[in-house]
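# Residue-level structural notes
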Amino acid sequence: MTTSTAELLTVPEVMARLKLGRSTVYDLIRSRRLVSITVGRSRRVPIDAVRDFIDNQIEEAA
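The structure reproduced in this document is the subject of the present report. (Residues numbered from 1 in each chain as written. Predicted model: local features only at pLDDT ≥ 70, side-chain atom pairs only at ≥ 80, totals over all residues. Heavy atoms only, no water.)

### Some points on the nonpolar core
Ranked by internal contacts, the top residues of the largest apolar core, which has 13 residues, are V14, V25, I29, L34, V45 and V50. Elements supplying a minimum of two residues to this core: α1 (11-18), α2 (22-30) and α3 (47-61). In terms of residues, this core owes the most to one element, α3, which gives four residues. Ignoring sequence-local partners within four residues, the contact set of V14 consists of L9, K19, V25, L34, V45 and V50. (Core = buried A, V, L, I, M, F, W, Y, C linked by side-chain atoms within 4.5 Å. Buried < 20%, exposed > 50% of the residue type's maximum accessible area, 1.4 Å probe, protein only. Helix = DSSP H or I, 4+ residues; strand = E, 2+ residues; numbered from the N terminus. Contact = heavy atoms within 4.5 Å.)

Right, dumping it as structure tokens:
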């Protein structure tokens, strides 16, 4: 699987999309509920991981 940089979000971009705080996003990453990768010293979240997280939250709520 190849992912272009347009498909990788920064933590602030994830915060904005999910309307969550910085600590919450990092907690989701630490608990592996939100998949992320490290590029150099930067944390990036694939856009598909955000979509999967949202889908899982919807399933859990149902």
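### Re unusual backbone geometry
Backbone geometry at K19 places phi at a positive 55 degrees, although glycine is not the residue there. Within the fold, K19 resides in the loop between α1 and α2. Classification of K19 by relative accessible area gives exposed; the value is 71%. Positive phi outside glycine occurs at R32, with the angle close to 65 degrees. Its place among the elements puts R32 in the loop between α2 and β2 (37-39).

### Things to note about the packing of α1 against α3
Running from N to C, α1 and α3 cross one another at 30 degrees; their axes reach a closest spacing of 12 Å. As judged from the angle between their axes, α1 and α3 are roughly parallel. Between α1 and α3 the crossing geometry is right-handed. Of the residues in α3, those in contact with V14, R17 and L18 of α1 are I47, V50, F53 and I54. Classifying every residue of the contact of α1 with α3 by side-chain character gives six nonpolar, no polar and one charged. (Axes fitted to C-alpha atoms, helices over the stretch in contact; angles between N-to-C directions. Parallel < 35°, antiparallel > 145°, perpendicular 65-115°, else oblique. Left-handed = near helix turned anticlockwise from the far one by under 90°. Nonpolar A, V, L, I, M, F, W, Y, C, P; charged D, E, K, R; others polar.)

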